[in-house]
Amino acid sequence: MQQIFNFVIRNKTLLLFLLLFGIALSLTIQSHSYHKSQFINSANSLTGGVYGTVNSIGQYFDLKEQNLILVEENVILREQLLNSSGRNQSIAIDSSFNDERFEIISAEVYKNSYNSPNNYLTINRGKRDSIQQDFGVITSKGIVGIIDNTSNKFSTILSILSKKSRINAKLKSSNQNGSLTWNTTSPYFAQLEDVSKFAKVKIGDTIVTGGQSAIFPKGIGIGKIESFTTDSTGDTYTIEVRLFNNMTTLQHVYIIINNDSEELKTLENLNDE
């Protein structure tokens, strides 16, 4: 308390000036409408700027939660999209049909390799989340790979950037099928092989999943045609595909659960016997 008194005594002239200046300024603002409006505008601008800065800081620290909300919303929308595109006309006739063929589970990427001949991703979903081997994995842009192994809490994904990967794909414009592979050259490109020489191939056309397996529904994006060459036999094309996904920066993925996969595998096994 003594220090406060000492401070006031030492600076009494300055404090008196500031007090009188404040009173004069207040009287001036109150007595003139122009000055009053300018003061209010300046105050609003100042407080608005402060609130804007505080809000921006709050939004920054809230980004993780907001991202999780968006991911969950994407799960719902992607399930609806896959199930609506997978239904045929006979289903539309039967209004009592309520089965959903596909389910989507979101996951966070913990580890991602893209420089090896056979690359893998590790995600934070496993057997306790009903994840099984051979489930397809995608992002909002396109395919990522196939579930390879699972533990209770985690799973590894065989990336499409792998010499072991071979996925049925097709030209969206003509439905000509081929096999998507990777020649280990670049993480931004994959190769579509065994495309018939009768296919109408054009640079810039879209490549999508062919849907000839229980792993990926048909029509999921893969990439666009960058270039193409005729194989040595002259019967097929090899197409260079620029991937929609940047496989080096993946953070969130979606796992596709095909509820009909077991029935399809059983039927295929019977045909192979």
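Look up: the structure comes first, before these words.
These numbers were taken from a predicted model, which means no experiment stands behind them. (Residues numbered from 1 in each chain as written. Predicted model: local features only at pLDDT ≥ 70, side-chain atom pairs only at ≥ 80, totals over all residues. Heavy atoms only, no water.)

Chemist: Looking at this structure, I do not really get the nonpolar core. What am I missing?
Modeler: In summary, soluble globular proteins display a tendency toward joint burial of nonpolar side chains. Counting 46 residues, the largest nonpolar core has Ile 143, Leu 192, Phe 216 and Ile 239 as its most contacted members. Setting aside chain neighbours within four positions, we find Ile 239 in contact with Leu 171, Ala 190, Gln 191, Leu 192, Val 195, Val 201, Ile 225, Ser 227 and Phe 228. (Core = buried A, V, L, I, M, F, W, Y, C linked by side-chain atoms within 4.5 Å. Buried < 20%, exposed > 50% of the residue type's maximum accessible area, 1.4 Å probe, protein only. Contact = heavy atoms within 4.5 Å.)

Chemist: What exactly am I supposed to notice about the sheet that holds strand 9 (residues 206-209) here?
Modeler: Strands in a sheet are paired, the pairing made by backbone hydrogen bonds, and the direction either parallel or antiparallel. Pairing is antiparallel around the closed barrel formed by six strands, whose spatial order is 6-7-8-11-10-9. Between one strand and the next, the sheet's axes are offset by a mean angle of 40°, whatever the strand orientation. Bridging between strand 10 (residues 221-230) and strand 11 (residues 236-243) involves seven bridges; their strand directions are antiparallel. Looking at the pairing, Ile 225 lines up with Val 241 of strand 11. (Pairing = 2+ DSSP bridges. Helix = DSSP H or I, 4+ residues; strand = E, 2+ residues; numbered from the N terminus. Axes fitted to C-alpha atoms, helices over the stretch in contact; angles between N-to-C directions.)

Chemist: Any chance you could explain the packing of aromatic side chains here in plain terms?
Modeler: With the rule as written, the count across this model stands at two aromatic pairs. Consider the rings of Tyr 110 and Phe 154, whose centres lie 5.8 Å apart with planes at 50°: the pair is tilted. Taken together, the residues Tyr 110 in strand 1 (residues 102-112) and Phe 154 in the loop between strand 4 (143-150) and strand 5 (155-162) connect sequence positions 44 residues apart. When its relative accessible area of 35% is taken as the criterion, Phe 154 is described as partly exposed. Between Phe 228 and Tyr 237, the aromatic rings sit 5.6 Å apart at their centres with planes inclined by 85°, giving edge-to-face as the arrangement. A relative accessible area of 33% places Phe 228 in the partly exposed class. (Phe/Tyr/Trp six-rings, centres within 6.5 Å; stacked < 30°, edge-to-face > 60°.)

Chemist: So what exactly am I meant to see when it comes to the side chain of Lys 170 here?
Modeler: Along the chain, the position of Lys 170 falls in strand 6 (residues 167-171). One buried charge, Lys 170, has no salt-bridge partner; the nearest side chain with opposite charge is Asp 205, at 13 Å. Of note is the side chain of Lys 170, whose polar atom sits 3.0 Å from the side chain of Asn 175. Leave out the neighbours within four places in its chain, and Lys 170 touches Asn 175, Gln 176, Asn 177, Thr 206, Ile 207, Val 208, Thr 209, Gly 210 and Lys 218. (Lys, Arg positive; Asp, Glu negative; His and termini not counted. Salt bridge = Lys/Arg side-chain N within 4 Å of Asp/Glu carboxyl O. Polar contact = N/O pair within 3.5 Å; in protein donor to acceptor, adjacent residues only side chain to side chain.)

Chemist: In this structure, what is going on with the pairing of strand 6? I would like to understand it.
Modeler: Every other side chain in a regular strand lies on the same face of the sheet, so the side chains alternate between the two faces. Burial of strand 6 is extensive: four of the five residues sit out of reach of the surface. The pairing of strand 6 with strand 7 (residues 177-181) spans four bridges and is antiparallel. Bridging across to strand 7, Lys 170 finds its partner in Asn 177. Between the end of strand 6 and the start of strand 7, which pair antiparallel, lie five residues, with Asn 175 showing a positive phi angle near 65°. For strand 6 and strand 9, the ladder comprises three bridges, and the chain directions are antiparallel. Residue pairing in the sheet places Lys 170 in a bridge with Val 208 of strand 9.

Chemist: Hey, could you run me through a nonpolar patch on the surface in this one?
Modeler: A surface patch of nonpolar side chains, amounting to about 380 Å² of accessible area, comprises Leu 14, Leu 15, Phe 17 and Leu 18. Tracing the sequence through the fold places Leu 14 in helix 2 (residues 12-31). Residue Leu 14 is classed as partly exposed on the basis of its relative accessible area, which comes to 48%. (Patch = residues over 30% accessible without salt bridge, like charges linked within 9 Å, V, L, I, M, F, W, Y side chains within 5 Å. Areas by Shrake-Rupley, 256 points an atom, 1.4 Å probe, with all protein chains shown as cover.)

Chemist: What am I meant to see in the sheet that holds strand 4 here?
Modeler: The antiparallel closed barrel is built from six strands, whose spatial order is 1-2-5-4-3-12. Neighbour to neighbour, the strand axes of the sheet diverge by 45° on average, direction disregarded. Looking at chain direction, strand 1 and strand 2 (residues 118-123) are connected through three bridges and run antiparallel. Among the inter-strand pairings, Asn 112 is bridged to a residue of strand 2, identified as Leu 121.

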